[in-house]
Each structure stands twice: as C-alpha cells, then as structure tokens.
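Coordinates in review
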Amino acid sequence: MDFNLTEEHLMIRDAARDFAQNELLPGVIERDNKQEFPNELVRKMGDLGFMGIMVDPKYGGSGMDAISYVLIMEELSKIDASASVMVSVNNSLVCYGLEAYGNEEQKQKYLTKLATGEQIGAFCLSEPEAGSDATSQATTAEDKGDYYLLNGTKNWITNGGRAGIYLVIAQTDRAKGHRGINAFIVEKGMEGFHVGPKEDKLGIRGSDTHTLQFNDVKVPKENRIGEDGFGFKFAMKTLSGGRIGIAAQALGIASGAYELALKYSKERKAFGTEICNHQAIAFKLADMYTEISAARHLVMKAAWDKDQGNNYDQSSAMAKLYASKVAMEHTVEAVQIHGGNGFVKEYHVERLMRDAKITQIYEGTSEIQKIVISRSLIKG
C-alpha cells in the first residue's frame, strides 16, 4: 500500500486549491446570500478542465483518474460546495453516464460540449413521489415509433436552470417494473420542456436547483441511452460513481470547517491563553482531525477501486455514508469552537454547516447507503 500522492496528483490538488482560494473565496458569502453562481466562474472551471475531469481527451476531457477527481472536489468544497456540486453532477452523473453507456454519435454530439464546460448537464431522476424509491417513476416516455413522448415532473434537479443537456429517467412500460425504465437525453429548448422556479434552500444556495416539467416533449429515438429497459441499471451504475463525488464534497466541507476552526483556536484567547491550549478545544480538534482523516481514506479507497476497475458499489456507499456524517458533526463542532462568531456569516463556518446537511440526503440518503452496504455484506 502506498498512501503518497504522485507529483501529478499534488499538482492537480494545488491547482484546485489555488482556484478555490483566489477565485471562489472572494464573493462566496454574497453568492450564498443572493443564491447565485456566476457564469464566468463556470467558464473558468471549464478552462481548467474541472468539468470533464475523467473524460477521455478525444471527447474534450482532461483524462484524469478518480483520485484526481476527489482531490479537486475536496479543495473546491472547502470553500464553496455550490461550485463543487455543479462539478460533481456534470462529471459523475452526466459525463460518466454518456461516456460509459452512450453510443459514439451521442458522445460526439453531447459529451464533447459537456467535458469542456461549453454546456452543463443535469441528471433527472428524483420526483415528488420517487426519491429513494427510484423504481417508482411517474414520468412516462411513450414509444411513438421514431420518437418518445415524455410527460412528467422531476424535482430537486441540480443545474436545473443552467443546464443545456438533461439525462432524464422515465417509465416506458410499467408492467415490466424497473426493466421498463429508460434513460433519455433531453435538450433545453425542446417544445413542452419547462424549467420551474429556483428552490430556496437551506444550504448550497448558490447551486441551481429547480423542478422540471415535461409536457408531451418529443424525444428522438436516437436520444435513448442503451437498449430498451436499460434506464434503471443506467441510473444505479451512474449513482455509484456519483457517490464518490458527493463523499469527496462532504470531506471537503468537513476539512474546510476544521481548517477554519484550527486557525481560529490559535488566534482567539480566553482565560489568558489561546483557546487551542484548553483541553476542551484541543480534544475537539483531535477528534475532528482523526475522523476527517478516516473519511479521507474511505473516499480515496472508493476512488482507487474505480480507477482499478473494481466493483465500487460498497466502497462508494461507505465513503458517502461516513464522510457525510463527519461533515455534519464536525461543521457543528467548528461553529461551537468559534462561539458567537460561528453564528455569523463573516466567519464562514455557519455556511459550511448548512451545506453539510445535503450530503446526507442527495444521491442516496444515508439510509439508502446502509441498504447498499448491508446487502453487499449479506451477499458476500
């Protein structure tokens, strides 16, 4: 076992750290307040190769590995989880899904734009009555011969208003259950496709989250991904990789909060000394660092499994389950260490605490991760 990062990995991490500190940090509080993320920062992330990190260079991607991906995600998430979730969805769910399961025509038409950041993608699975139970798709895609007629509602869609390309999961044959589900590529501007109002969220407020409506949207037959009935398997396979990205996001949120708490504890004085010298604070820092390090190992293991071609269903679920737990618990501790200052926006930790919660919910709740892990254990 070698726990050292390569020189290339260190360069990638440092580039992401520099971008986060120099480009994302200025204005991050204002973006949270205004619930917006500027287009110029999206373009800069595209120029740096962050929007197609693992995509083959022949499709315009950076051709990096999953380890590089989680390093980038951690550094971005330390500063702005709204930026990192945009990167995660575009990479893990949309680019990966198209590159792994799309045909060559679909890759040339769509993946090349997504990998460079020319366009952004959205992954449309969740519905008002189908979140954790992804088999209960109410959105339908009726086969009309040379096209499908798409009807239904998708909600909590990251990049919902900003995206140009949407991967939509819909039911074609209800009698077949999950084998009757398909995945489709939908373009913004198709007749009958409507983007609803932006959600007013607790955290990741700069990210673009919308409900989408599909009313008799004609989707060409060539926009179906894979064989008929492949949609549910497509969604599950894609989400396994997505969990690595969200685990890395959770790790970054926790790590960012810890770094702020450590710095503050060395500056703030109480009872005649810096508060880091009081055992109550020192032990909090020790617990934070230990558990964040454990989360990092789980995240790296999941990314390594993906890079090695191993099955990463279990390791990605473990990474997301634990890293999101650590993020939630230790952002709370970071606020506590900051005392009253932790409760105001200026010190950043209250935002990280709000951002942390969603990592226990999206791309599979913590309860769903436990189902994935326990089934894997029982199957052996």
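Residues numbered from 1 in each chain as written. Predicted model: local features only at pLDDT ≥ 70, side-chain atom pairs only at ≥ 80, totals over all residues. Heavy atoms only, no water.

1. Topic: the UniProt feature "domain: Acyl-CoA dehydrogenase/oxidase C-terminal" (unreviewed entry) in the protein chain
Heads up, the rule is: UniProt positions are given in the numbering used here, feature names are shortened, and annotations may be inferred rather than shown by experiment. Only DSSP runs of H or I covering at least 4 residues are called helices, and only runs of E covering at least 2 are called strands; the numbering of each starts at the N terminus.
Under the UniProt annotation, the feature "domain: Acyl-CoA dehydrogenase/oxidase C-terminal" (unreviewed entry) is placed at residues 231-377. What you have in residues 231-377 is 78% helix and 3% strand, and the ends, taken at the C-alpha atoms, are 26 Å apart.

2. Describing the pattern of salt bridges
Short version of the rule: Salt bridges are defined as contacts in which a side-chain nitrogen from Lys or Arg sits within 4 Å of a carboxyl oxygen from Asp or Glu. Residue burial is assigned from relative accessible area. The probe radius is 1.4 Å, only protein chains are included, and a residue is buried under 20% of its type maximum, exposed over 50%, and partly exposed in between.
Counted according to the given criterion, the structure contains 23 salt bridges. One salt bridge connects aspartate 14 with arginine 13, and the closest N-O pair in it is separated by 3.5 Å. Judged by its relative accessible area of 33%, aspartate 14 falls in the partly exposed class. Taking the shortest distance from any N to any O, the salt bridge between lysine 301 and aspartate 305 comes out at 2.9 Å. With lysine 301 and aspartate 305 both in helix H8 (residues 279-308) and 4 residues apart, the pair spans about one turn of that helix.

3. Things to note about the packing of aromatic side chains
How we decide: Ring pairs shown here join Phe, Tyr and Trp side chains whose ring centres sit within 6.5 Å, with only the six-membered ring taken for Trp; geometry is labelled stacked below 30 degrees between planes, edge-to-face above 60, and tilted in between.
Evaluated as defined, the whole model comprises 11 aromatic pairs. Geometrically, the ring pair formed by tyrosine 264 and tyrosine 347 is edge-to-face, given 5.9 Å between the ring centres and 90 degrees between the ring planes. Here tyrosine 264 is found in helix H7 (residues 231-267), whereas its partner tyrosine 347 is found in the loop between helix H9 (313-338) and helix H10 (349-358), with 83 residues between them in sequence. Classification of tyrosine 264 by relative accessible area gives buried; the value is 9%. For tyrosine 347, a relative accessible area of 27% gives the class partly exposed. Following the ring pairs from residue to residue traces out a cluster consisting of Tyr96, Tyr101, Phe123, Phe230 and Phe234.

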